[in-house]
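Fold and geometry: a report
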Amino acid sequence: MTVRELAAVPLESAEVRERILIIGMGAMGKRVATALQTLGTANFDWCCLVPDAAGESDLLKQTYGVEVFHDVDTLVAWRPTLAVECAGHAAVHEAVVPLLERGVDAIVVSVGALASSSLREEIAAAAKAGGARVTLVSGAIGGIDALHAARTGGLDFVRYTGRKPLHAWLGSPAESQFDLLAIDRPTVIFEGSAGESARLYPKNANVTAAVALAGIGFDKTTVVLTADPGIDRNIHEVEAQGAFGHLFIRLENNPLPDNPRTSWLAAMSIEEAVFRRLEHLIQR
């Protein structure tokens, strides 16, 4: 399955009142919620799906004044038209798939979950069964459209390089292989395929998956991950070569203020995907 095959087509009919579900209310989900509130809800409604944590539901209801659900089966009666997944890889299987089967379109943030070929097939089958559409956000990386276009003429190689500050790799497999906080020069902590990278470094998987899906797949895409004591932000580089010529893209992303492990651009890409969906209802 390719990015193009999963790409969403914006609704053209303003007769349908959008009912938006935000799956997960962490830093990403709350940014989407805030963005929706700034638009006003005259032409759409929204709710959220979160774990049944003590006190969280009441706080969310008080803060945003919306309904809060804890399971898909109960949520379906609310009749959402669009699900915005901001909850991590597990939510793609646990919530997005059953919603697609019920005809609910989805914006998927945790693109790294699609490193699993079986899940890609499951999503495609669910979307077909429900007549639903799926949008994959580009997240913290750019140039996805160019890479996808370039592959039609054949690509010789695609390489993604991710550079992050030392503390960003704490809690990853690199912590057991390196004395991370003692590193004094840029150090490669992983080099291999996009598929292996997504499995070992799931917190970096969204970017590698977006590159792999747009280009030559998880087995052929090379990933290099680097711990760099000289930087204070996440740096993403994509290089590709093929019949089209040579492509090199570098992004230096500031961290999301509410979650330093996430690039601000990733949050912006979600908001933009939601705005595109609502563009027939709003003016910006």
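Looking up the protein chain in an unreviewed UniProt entry gives the name L-aspartate dehydrogenase, with the organism given as Paraburkholderia phenazinium. Taken from UniProt, the Sequence similarities (unreviewed entry) comment for the protein chain reads in full: "Belongs to the L-aspartate dehydrogenase family." Under Function (unreviewed entry), UniProt gives the following word-for-word description of the protein chain: "Specifically catalyzes the NAD or NADP-dependent dehydrogenation of L-aspartate to iminoaspartate."

1. A few points about the packing of helix α2 (residues 27-39) against helix α11 (residues 264-277)
A packed helix pair is summarised by two numbers, namely the angle formed by the two axes and the spacing between the axes. Their axes nearest at 10 Å, the elements α2 and α11 cross at an angle of 45°. It follows from the interaxial angle that α2 and α11 lie oblique. Handedness of the α2/α11 crossing: right-handed. In this structure, α2 contributes Met28, Arg31, Val32, Ala35, Leu36 and Leu39 to the contact, and α11 contributes Trp264, Ala266, Ala267, Ile270, Glu271, Val274 and Phe275. Of the residues in the contact of α2 with α11, the class split is eleven nonpolar, no polar and two charged.

2. Regarding the pairing of strand β7 (residues 155-164)
Of the pairings in the sheet, the one linking β7 to strand β10 (residues 234-242) comprises eight bridges and is antiparallel in character. Paired with Arg159 across the bridge in β10 is Glu239. One ladder, built from six bridges, connects β7 with strand β9 (residues 222-227); its direction is parallel. The residue of β9 that forms the bridge with Thr161 is Val224.

3. Notes on the sheet that holds β7
Strands sit in the order β8-β9-β7-β10-β11 across an open sheet of five strands; the sheet is mixed. Edge strands, defined here as strands with exactly one partner in the open sheet, are β8 (187-193) and β11 (245-253). Averaged over all pairs of adjacent strands, the angle between strand axes in this sheet comes to 10°, irrespective of strand direction. Strand contacts of helix α10 (residues 205-214): β7, β9 and β10, with the helix running at about 165° to β7, the strand carrying the most contacts.

4. Description of helix α3 (residues 56-64)
Residues Ser57, Leu60 and Tyr64 constitute the buried set of α3. For α3, the angular spread of buried residues about the axis comes to 65°, placing them on one side. Of the residues in α3, the exposed ones pointing more than 90 degrees away from the buried face are Leu59 and Gln62. Summarising the contacts, the buried residues of α3 are in contact with α2, β2 (44-49) and β3 (68-69). At the exit of α3 stands Gly65, carrying a positive phi of roughly 65°.

What counts, and at which threshold
- Residues numbered from 1 in each chain as written.
- Predicted model: local features only at pLDDT ≥ 70, side-chain atom pairs only at ≥ 80, totals over all residues.
- Heavy atoms only, no water.
- UniProt positions renumbered as here; feature names shortened; annotations may be inferred.
- Axes fitted to C-alpha atoms, helices over the stretch in contact; angles between N-to-C directions.
- Helix = DSSP H or I, 4+ residues; strand = E, 2+ residues; numbered from the N terminus.
- Parallel < 35°, antiparallel > 145°, perpendicular 65-115°, else oblique.
- Left-handed = near helix turned anticlockwise from the far one by under 90°.
- Contact = heavy atoms within 4.5 Å.
- Nonpolar A, V, L, I, M, F, W, Y, C, P; charged D, E, K, R; others polar.
- Pairing = 2+ DSSP bridges.
- Buried < 20%, exposed > 50% of the residue type's maximum accessible area, 1.4 Å probe, protein only.
- Arc of directions from axis to C-beta.

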